[in-house]
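# Structural overview
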Amino acid sequence: MRKMLYILRHAKAEIGTPQQDDHSRKLVDRGVEAARIVGAYMFRQHIKPDKVICSDAARTRETWEQIESIYPAPNVEITRKLYMASANQMLQSLVTLPEAVKSVLMIAHNPGVHQLCLKLAKEGDENTLDLMFLKFPTCTLAAIDLGDTPWNKVENASGKLIDFVTPKMLAGLEDD
């Protein structure tokens, strides 16, 4: 059964202060708008994951809330395991998924999301791969077709990057 993995880095968050816990940093207005832009794009592209796995940090939950306001997902898991997780830790959240789950949206943090994309996206359009290789800005969405790789073997997948978009690309602007 064909599997799709959508990886989303949280939207732009406040810088925070020395007294503030990083986990509680919230989105800035620009981040809220970026999440809405990406959510609208997902809706237009008919991206409706069977499952959403989201870090429990304030900025990732708020990113998901903006997308969910456009269309709700049936199965959402908010977890501390994705907070500042490495690519290998993120993979651990995928290997236990039931095979009935065909598509997953994972919302987390850099550098883990970028590392995960680099690890799984082995093929695709050369220009898109180059863009993904260089950087993974806030609220970037990557779509990786994992073919018929079972979830419990996803760490060895040779996926195809089929989409890589930033809010600025969607708005017709240059990335920072």
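### Brief notes about the side chain of Arg9
As for its position among the elements, Arg9 is in strand E1 (residues 3–9). Judged by its relative accessible area of 17%, Arg9 is buried. Among the polar contacts made by the side chain of Arg9, one reaches the main-chain carbonyl oxygen of Phe136 at a distance of 2.7 Å. Dropping the residues within four chain positions of it, Arg9 is found in contact with Ala108, Asn110, Val113, Phe136, Pro137, Thr138, Cys139 and Thr140.

### What about the pairing of strand E3 (residues 76–79)?
A regular strand places its side chains so that they alternate between the two faces of the sheet. The pairing of strand E2 (residues 51–55) with E3 spans 4 bridges and is classified as parallel. Bridge pairing in E3 places Cys54 opposite Ile78.

### Thoughts on a nonpolar patch on the surface
Residues Leu118, Phe133 and Leu134 make up a contiguous nonpolar surface patch of roughly 330 Å² in combined accessible area. Topologically, Leu134 is positioned in helix H5 (residues 126–134). We classify Leu134 as exposed; its relative accessible area is 66%.

Definitions and cut-offs
- Residues numbered from 1 in each chain as written.
- Predicted model: local features only at pLDDT ≥ 70, side-chain atom pairs only at ≥ 80, totals over all residues.
- Heavy atoms only, no water.
- Helix = DSSP H or I, 4+ residues; strand = E, 2+ residues; numbered from the N terminus.
- Buried < 20%, exposed > 50% of the residue type's maximum accessible area, 1.4 Å probe, protein only.
- Polar contact = N/O pair within 3.5 Å; in protein donor to acceptor, adjacent residues only side chain to side chain.
- Contact = heavy atoms within 4.5 Å.
- Pairing = 2+ DSSP bridges.
- Patch = residues over 30% accessible without salt bridge, like charges linked within 9 Å, V, L, I, M, F, W, Y side chains within 5 Å.
- Areas by Shrake-Rupley, 256 points an atom, 1.4 Å probe, with all protein chains shown as cover.
- Salt bridge = Lys/Arg side-chain N within 4 Å of Asp/Glu carboxyl O.

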